[in-house]
Amino acid sequence: MRIPWQELDPKTLNNLLESVVLREGTDYGEQELSFAAKVEQLRHKLKSGEAVIVYSELHESVDIVDPQQVSANENGADEQ
């Protein structure tokens, strides 16, 4: 289930962004980013539509993923 980021309390959204960034682990990209920069980068992805918040009833968890990943999962669920 998709959760519109605009409907979340700003503090809740920030806590979710921080939680997701912490779960990502070590960054081995060309340039190391600070924790705050990673949080802001993820916030930008949500605002631009490059990422969406999803809730899984099965796993009772919330995550931020690529919107195409959600569409693929939704289509796969329809086929089952």
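**Q** So what exactly am I meant to see when it comes to the overall build of the chain here?
**A** Helix and strand counts for the chain stand at three helices and three strands. Along the chain, helices (α) and strands (β) appear in the sequence β-α-α-β-β-α when read from the amino end. Expressed as a percentage of its 80 residues, the buried residues of the chain come to 22%. Looking at the chain alone, contacts between residues at least 24 apart form 43% of all its contacts between residues at least 6 apart. Within the structure as shown, the chain displays about 6,000 Å² of accessible surface, and the carbon and sulfur contribution to it stands at 48%.

**Q** What am I meant to see in helix α1 (residues 10-24) here?
**A** Because an α-helix packs 3.6 residues into every turn, residues spaced three or four apart end up facing the same way. Across its 15 residues, α1 extends 21 Å between first and last C-alpha, which sits within 8% of the 21 Å expected from 1.5 Å per residue. Looking only at α1, the buried set comprises L13, L16, L17, V20 and V21. Considered in projection along α1, the buried side chains sweep an arc of 130° and stay on one side of the axis. Of the exposed residues in α1, the ones pointing more than 90 degrees away from its buried face are K11 and L22. Where α1 is buried, its residues touch α2 (35-48), β2 (52-56) and β3 (61-65).

**Q** What am I meant to see in unusual backbone geometry here?
**A** The general pattern is negative phi for most residues beyond glycine and trans for most peptide bonds. A positive phi angle, close to 50°, is found at E60, a residue other than glycine. Position of E60 among the secondary structure elements: in the loop between β2 and β3. Judged by relative accessible area, which is 65%, E60 ranks as exposed.

**Q** How should α2 be read in this particular structure?
**A** For α2, with 14 residues, the first-to-last C-alpha span of 20 Å sits near the 20 Å given by 1.5 Å per residue. Among the residues of α2, K38, V39, L42, R43 and L46 are the ones counted as buried. For α2, the angular spread of the buried residues around the axis is 140°, confining them to a single face. Taken together, the buried residues of α2 touch α1, β2 and β3. Backbone geometry just downstream of α2 places G49 in the positive-phi region, at approximately 90°.

**Q** Help me understand the environment of L22, please; the structure alone is not making it clear to me.
**A** Mapped onto the elements of the fold, L22 is located in helix α1. Taking the relative accessible area as the measure of exposure, L22 reaches 62% and is therefore exposed. Each C-alpha atom, one on L22 and one on K38, is 9.6 Å from the other, the two residues being 16 residues apart in sequence.

Here is what the cut-offs are and how they apply
Residues numbered from 1 in each chain as written. Predicted model: local features only at pLDDT ≥ 70, side-chain atom pairs only at ≥ 80, totals over all residues. Heavy atoms only, no water. Helix = DSSP H or I, 4+ residues; strand = E, 2+ residues; numbered from the N terminus. Buried < 20%, exposed > 50% of the residue type's maximum accessible area, 1.4 Å probe, protein only. Contact = heavy atoms within 4.5 Å. Areas by Shrake-Rupley, 256 points an atom, 1.4 Å probe, with all protein chains shown as cover. Expected span 1.5 Å × (residues − 1). Arc of directions from axis to C-beta.

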